[in-house]
Amino acid sequence: MKLHANGLGIEVDVQGPATGMPLLLVMGLGMQLVGWPQPLVDALVAQGFRVIRMDNRDAGLSDGFDHLGVPHIGWAATRHMLRLPVPTAYTLDDMAKDAWAVLDALEVPAAHVCGASMGGMIAQHMAWQQPQRCKSVTLVMTTTGARHLPRPTWAVQKAMMSKPPSRRDREALIARAENLFRLIGSPAYPAPAAALRAQVSASIDRAYRPAGVARQMVAVLADGDRSRRLQAVQQPVHIIHGAADPLLPAAAARDLLRHLPGATLDLIDGMGHDLPAELLPRLAQGIATNAARA
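Structure report, in brief. Keep in mind the model is a prediction, meaning the values are calculated, not measured. (Residues numbered from 1 in each chain as written. Predicted model: local features only at pLDDT ≥ 70, side-chain atom pairs only at ≥ 80, totals over all residues. Heavy atoms only, no water.)

Secondary structure assignment for the chain yields 10 helices and 8 strands. In summary, the chain has a C-alpha radius of gyration of 18 Å against a globular reference of 19 Å for 294 residues, a match within 12%. Projected onto its principal axes, the C-alpha positions of the chain cover 45 × 40 × 40 Å. For the chain, the proportion of its 294 residues judged to be buried stands at 52%. Considering only contacts within the chain whose residues lie at least 6 apart along the sequence, 78% involve residues at least 24 apart. A total accessible area of about 12800 Å² is found for the chain, and carbon and sulfur atoms account for 57% of it. Averaging the locations of the 29 positively and 24 negatively charged side chains of the chain gives two centres separated by 6 Å. (Helix = DSSP H or I, 4+ residues; strand = E, 2+ residues; numbered from the N terminus. Rg over C-alpha atoms; globule rule 2.2 N^0.38 Å. Buried < 20%, exposed > 50% of the residue type's maximum accessible area, 1.4 Å probe, protein only. Contact = heavy atoms within 4.5 Å. Areas by Shrake-Rupley, 256 points an atom, 1.4 Å probe, with all protein chains shown as cover. Lys, Arg positive; Asp, Glu negative; His and termini not counted. Charge placed at Lys NZ, Arg CZ, Asp CG, Glu CD.)

Next up, the structure:
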C-alpha cells in the first residue's frame, strides 16, 4: 500500500498482528522492501513483531526525484574526497524523516528500527532525530562513514560504477545484478543460482530505477562521517556484520562499536554484504534480543 508521508507517496508493507511490537525495516542503496526476505519477516513475526517494510524514496514503488536529473557520481566522489560540500537532491536526514512520517501515517507512536547498509545509516539518523520514539536499533552491514575505514574491493567498486545496460535489455540487467550480488555476497553461504536469478528478476520487474540509485549514492557521500553524532544514541544497539564483507569491510562494524558504548556485535564468519537464507534465524534472534533490552 502507498502512504502519504513527508510529502511523498511511500510504498509500505505491514505484516504481523496489530498488537505486535512495531519493527521498521529500512533497506539499503537502491534496494526495495522486497530485499528483506519473506522468511526473515516470518521469523520476526514469530518473535512477536509487527513488521513494517518500506521502499525508500527513489526506490521501488515510492515516489522519486527524476525531475532533478541524474547526478555525476565521479564528480560527487571527488568533492567528497577533497572534503568539499557535496550537492545532493536530498539527504539521509530527509530519508529518515520519511521513515518517521510512515510510522505517523500508520499511527505508530514508537518502534524498533533495523536498517541494512544505507538503511543502517538512515537508522542512525532516526535514532537521534526522535530518540523518544526509537526503542532499539539494529545496524546490519553498515558504517559510521568515517573516512579512515577501508574502501570496498576494487572489483566491487568497478562493478558498482559500471554503466548499466539499457532498460530494454532485461537479460543484460539481470546478468549485471547477478554479477554484483555474487561479488558482494557471502562466500560461505552462496545463493543457489536459480534462487538468485529469481530474486534479481522479481526485483527488476517490480521496479528498475538506476537514476534513483545515483541520487541515493550521492546522498550517502554528502552525509559524511556520523561518528560524533553517534554519541547521542542512547537506545540499545545491536550490530550485525559479515566478517567477509567486501563492500563495507568488517572494520566498519568495529568502528561502530567503538562509538556506541553498550552496543553488542555479532560479527559473522563467512558472511558478506547480503542476507543469506542460512543466517536469517540468527538475524531475527539478534533483533529480538536487542529489542528485549529496550
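Our focus in this paragraph is the sheet that holds strand β4 (residues 49–54). With respect to topology, 8 strands assemble into an open sheet ordered β1-β2-β4-β3-β5-β6-β7-β8, the strand pairing being mixed. Looking along the sheet, the strands with just one partner apiece sit at the ends: β1 (2–5) and β8 (264–268). Neighbour-to-neighbour, the strand axes of the sheet open up by a mean angle of 25°, direction not taken into account. One ladder, built from 4 bridges, connects strand β3 (residues 21–26) with strand β5 (residues 111–116); its direction is parallel. Bridge assignment links Leu25 to a residue of β5, and that residue is Cys114. Relative to the sheet, helix α9 (residues 251–259) contacts β6 (134–140), β7 (237–242) and β8, its axis offset from that of β7 by approximately 165°. (Pairing = 2+ DSSP bridges. Axes fitted to C-alpha atoms, helices over the stretch in contact; angles between N-to-C directions.)

A few words now on the nonpolar core. By size, the foremost hydrophobic cluster in this structure holds 42 residues, and its most contacted members are Val102 and Met126. Counting residues per element, this core draws most heavily on helix α3 (residues 92–105), at 8 residues. Leave out the neighbours within four places in its chain, and Met126 touches Leu24, Val26, Ala96, Ala99, Trp100, Val113 and Cys134. If you look at the next biggest cluster of nonpolar residues, it comprises 24 residues, including Met27, Leu40, Cys114 and Ile240. (Core = buried A, V, L, I, M, F, W, Y, C linked by side-chain atoms within 4.5 Å.)

All right, on to the pattern of salt bridges then. Counted under the stated rule, the structure contains 16 salt bridges. Linking Glu178 and Arg197 is a salt bridge whose minimum nitrogen-to-oxygen distance equals 4.0 Å. One end of the pair, Glu178, is in helix α6 (residues 170–184); the other, Arg197, is in helix α7 (residues 193–206), with 19 residues separating them in the sequence. Shared partners join several salt bridges into a network, and the residues in it are Arg170, Glu171, Glu178, Arg197 and Asp205. (Salt bridge = Lys/Arg side-chain N within 4 Å of Asp/Glu carboxyl O.)

Attention shifts here to the pairing of β3. Along β3, 5 of the 6 residues are buried, which leaves the element largely enclosed by surrounding structure. Taken together, the 6 bridges between β3 and β4 define a ladder with parallel strand orientation. Its bridge partner being in β4, Leu23 is matched across the sheet by Val51. As for the winding sense of the linkage, the β-α-β connection from β3 through helix α1 (residues 38–46) to β4 is right-handed. (Right-handed = clockwise from strand over helix to strand, strands pointing away.)

Let us look at the environment of Leu103. Its location among the elements puts Leu103 in helix α3. A sequence separation of 80 residues divides Leu103 from Leu23, and the C-alpha atoms of the two residues are 10.0 Å apart. Beyond its immediate chain neighbours, meaning those up to four positions away, Leu103 contacts Leu24, Ile52, Val108, Ala111 and Arg133.

As a general feature of sheets, a regular strand has side chains that alternate between the two faces. Within β7, 6 of the 6 residues are buried, which leaves it mostly tucked inside the rest of the structure. By the alternation rule, side chains of β7 split into Val237, Ile239 and His241 and His238, Ile240 and Gly242, which are all buried. Bridge analysis of β6 against β7 gives 4 bridges, and the strand direction is parallel. The residue bridging Val140 from the neighbouring strand is Ile240, located in β7.

This part takes up the side chain of Asp274. Topologically, Asp274 is positioned in the loop between β8 and α10 (280–292). Lacking a salt bridge, the buried Asp274 has Arg182 as its closest oppositely charged neighbour, with an N-O distance of 7.5 Å. Reaching out from Asp274, the side chain makes a polar contact with the side chain of Ser186 at a distance of 2.5 Å. Excluding its chain neighbours within four sequence positions, the residues that come into contact with Asp274 are Met141, Ile184, Gly185 and Ser186. (Polar contact = N/O pair within 3.5 Å; in protein donor to acceptor, adjacent residues only side chain to side chain.)

Everything listed is a geometric property; what it means functionally is a separate question.
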